[in-house]
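Report on the structure
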Amino acid sequence: MPVESGNSAAARQVKQKRKSHSLSIRRTNSTEQDRPGMQRDMLEGQDSKLPMALRSNLLDLFGQIEREFENLYIENLELRREIESLNERLAGEGQTVDGGDLSKGALKTKASHSTSQLSQKLKTTYKASTSKIVSSFKATTSRAVCQLVKEYVGHRDGIWDLAVTRVQPLVLGTASADHCSMLWSIETGKCLLKYAGHAGSVNSIKFHPTEQMALTASGDQTAHIWRYMVQLPLPQPPADISASLDDDVDFSDKDEADGEADGPSECPTIRVATTTLKSHQGVVIAADWLVGGKQVVTASWDRAANLYDVETSELVHTLTGHDQELTHCCTHPTQRLVVTSSRDTTFRLWDFRDPSIHSVNVFQGHTDTVTSAVFTVGDNVVSGSDDRTVKVWDLKNMRSPIATIRTDSAVNRISVSANQRIIALPHDNRQVRLFDMNGVRLARLPRSNRQVRCIQSGGFITFRFCFMSVRLKGWWLLVTV
């Protein structure tokens, strides 16, 4: 009569335990469909001051959490069964092969590999489930309402940047690929002045903090500083332009006629710069004034940023270190700090507060081109990237972002509202979304094929958008939040 070995008995116990687990799982799944109704009945019977709709929403969210963890538990059981089968197989091989330590080592390697896979799967599933839950909570936040205010027509090519003067009179400035920069009346939409001193695309425009001077960066490898004097016209009643927005009209055939009819050709034109900054060996993609307006910084495709003295137009410093082309530069509104972004997936913080020591910090928080990094009024930096994320950083501790916004499209040149702490994100898919500094979405501007949008907040324009990947036909819109 054959005698049953200890290994066979152990294997039979494992199979019976596995069968009992599967039966319990089936019973759990069979009652899962009845659970929401039972929980809702229990919820209605409890006393609470929360509205029923909110309580039901919370119940659904916690139900999603419970289902996610149930799925993880089931996957964990399956992985444990696989580990047990491997243990049985290796134990069987250990009886016939000499060297039990070798078998134990192989068993330990297999088990550690399976454990690492389980840990990675748990982390991935947990992140995905929590992201869905957080998004559900964010969806309940109140949204801002956006409406069209004014159209400005006159440029004959794409508009890359726009800004508002910091001193009176308040006018709007635009930088365009048609080699020109224009100043506009915000109220009437009339062109007040045209600068045509560049020989290439005008990629950015910034205004002096205290004087009537503008700084423009161009594809002709130069940056120009030029003075302006404008007189605001009397405001006119707003025209009804809702009909023109409802119709999907191709404005490319009307550019020349609109430019002649709306008067940009009649506005005064400046063709000579007050100061020309020449040191770059590539396209100057952006430029900005340092606090006080005595120095400016420029960013170029030659992988360097230059710091110039405005009065002498001499090169003070060359900021090198980026491995690829620069995409943007920005200065702090109250401190001598500069942040530059690049296609090398990094952005750098340059500190000029101490005249004797110029420090630099490199931040590698993105996995693709950093399209822009800008300062806020406080001690925060906001960076956007082609990796479809926007991150908010604290200058006091920039080892990790304090907030991360994940989007469905690459992010172009972002902008931050100074007084309302709102982040505006222009995307490659022609959408513009508004978020707060905590990463909660506030609004989405209506998408259109041929308009560039800027934001007016609190009565003054405080955003600047740049659609670098969309070829525009000289149109952009002004909307209000």
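Our subject is the structure that appears above.
Residues numbered from 1 in each chain as written. Predicted model: local features only at pLDDT ≥ 70, side-chain atom pairs only at ≥ 80, totals over all residues. Heavy atoms only, no water.

Topic: the pattern of salt bridges
Condition: Any carboxyl oxygen of Asp or Glu within 4 Å of a side-chain nitrogen of Lys or Arg constitutes a salt bridge here. Helix numbering and strand numbering both begin at the N terminus, where a helix is a DSSP run of H or I of at least 4 residues and a strand a DSSP run of E of at least 2.
Evaluated as defined, the whole model comprises 7 salt bridges. The partner of arginine 413 in a salt bridge is aspartate 161, with the nearest N and O atoms 3.9 Å apart. Taken as a pair, arginine 413 in the loop between β22 (403–406) and β23 (415–416) and aspartate 161 in strand β2 (residues 159–164) lie far apart in primary sequence, 252 residues in all. Salt-bridge contacts for glutamate 211 lead to arginine 227; the nearest nitrogen and oxygen are separated by 3.2 Å. With glutamate 211 in the loop between β6 (202–207) and β7 (213–218) and arginine 227 in strand β8 (residues 223–227), the pair connects residues that are 16 residues apart, well separated along the chain.

Considering the environment of threonine 331
Worth spelling out the cut-off: Note on classification: 1.4 Å probe, protein chains only; a residue is buried when its accessible area is under 20% of the maximum for its type, exposed when over 50%, partly exposed between these limits. Counting of polar contacts relies on pairs of N or O atoms within 3.5 Å, with two restrictions inside protein: one atom must be capable of donating a hydrogen and the other of accepting it, and residues adjacent in sequence are counted only when both atoms are side-chain atoms.
Within the secondary structure, threonine 331 is located in strand β15 (residues 326–331). Owing to a relative accessible area of 9%, threonine 331 belongs among the buried residues under this scheme. The spatial distance from the C-alpha of threonine 331 to the C-alpha of threonine 376 is 9.9 Å, given a sequence separation of 45 residues. Side chain to side chain, threonine 331 and aspartate 288 meet in a polar contact 3.1 Å long. There is a polar contact of 2.6 Å between the side chain of threonine 331 and the backbone oxygen of tryptophan 289.

Some words on the state of the cysteines
The condition that has to hold: For the purposes of this analysis, a disulfide is any pair of cysteine sulfur atoms at a distance within 2.5 Å.
Inspection of the entire model under this criterion finds 0 disulfides. Between cysteine 329, a free cysteine, and cysteine 330, which holds the nearest cysteine sulfur, the sulfur-to-sulfur gap is 7.6 Å. Since its relative accessible area comes to 1%, cysteine 329 is described here as buried.

Observations regarding the sheet that holds strand β20 (residues 380–385)
For clarity, the threshold we go by: Each pair of strands is called paired provided DSSP finds at least two bridges between the two strands. Angles here are taken between N-to-C directions and fall from 0 to 180 degrees, while the axes themselves are lines fitted to C-alpha atoms, restricted in helices to the stretch in contact.
In space, the 4 strands of this open sheet follow the order β19-β20-β21-β22, with antiparallel pairing throughout. For this open sheet the edge positions go to β19 (370–375) and β22, each flanked by a neighbour on one side alone. When the angles between neighbouring strand axes are averaged without regard to direction, this sheet yields 15°. Where β20 lies against strand β21 (residues 389–394), 5 bridges are found, and the strand directions are antiparallel. Pairing of valine 381 across the sheet is with tryptophan 393, part of β21.

Digging into the side chain of arginine 348
The following threshold applies: For the purpose of counting charges, residues Lys and Arg are taken to be positive, whereas Asp and Glu are taken to be negative. His and the chain ends are not included. By definition, residues are in contact when any of their heavy atoms lie within 4.5 Å.
As for its placement among the helices and strands, arginine 348 is situated in strand β17 (residues 347–354). No salt bridge forms around the buried arginine 348; measuring N to O, its nearest opposite-charge neighbour aspartate 344 is 5.1 Å away. Within the local environment of arginine 348, its side chain forms a polar contact with the backbone oxygen of glycine 321, the two atoms lying 2.8 Å apart. Ignoring anything within four residues of it in the chain, the contact list for arginine 348 reads Gly321, His322, Val338, Val339, Thr340, Val360, Asn361 and Val362.

Notes on the pairing of β22
Two faces belong to every sheet, and in a regular strand the side chains alternate between them. Alternating residues of β22 divide into Ala403 and Ile405, all buried, and Thr404 and Arg406, none buried. Two elements, β21 and β22, share 4 bridges in a ladder whose sense is antiparallel. Within the sheet, the bridge partner assigned to valine 392 lies in β22 and is alanine 403.

Examining the side chain of threonine 222
Here threonine 222 shows up in the loop between β7 and β8. Judged by relative accessible area, which is 9%, threonine 222 ranks as buried. Separated by 2.6 Å, the side chains of threonine 222 and aspartate 220 make a polar contact. At 3.3 Å, the side chain of threonine 222 and the side chain of histidine 224 are in polar contact.

Focus: the packing of aromatic side chains
Under the convention used in this document: A pair of Phe, Tyr and Trp rings is counted when the ring centres sit within 6.5 Å of each other, with Trp represented by its six-membered ring. The angle between the planes then sorts it: under 30 degrees is stacked, over 60 is edge-to-face, the rest tilted.
Evaluated as defined, the whole model comprises 7 aromatic pairs. Here the aromatic rings of tyrosine 152 and tryptophan 184 are separated by 5.9 Å at their centres, their planes lie at 80°, and the arrangement is edge-to-face. With tyrosine 152 in strand β1 (residues 147–153) and tryptophan 184 in strand β4 (residues 181–185), this pair connects stretches of sequence that are 32 residues apart. Between phenylalanine 347 and phenylalanine 363 the ring centres are 5.1 Å apart and the planes differ by 20°, which places this aromatic pair in the stacked class. Taken as a pair, phenylalanine 347 in strand β17 and phenylalanine 363 in strand β18 (residues 357–363) lie far apart in primary sequence, 16 residues in all. When its relative accessible area of 1% is taken as the criterion, phenylalanine 347 is described as buried. Through a chain of ring-to-ring contacts, three or more aromatic side chains come together here, namely Tyr195, Phe207, Trp226 and Tyr228.

On their own, these measurements won't tell you what the molecule is for.
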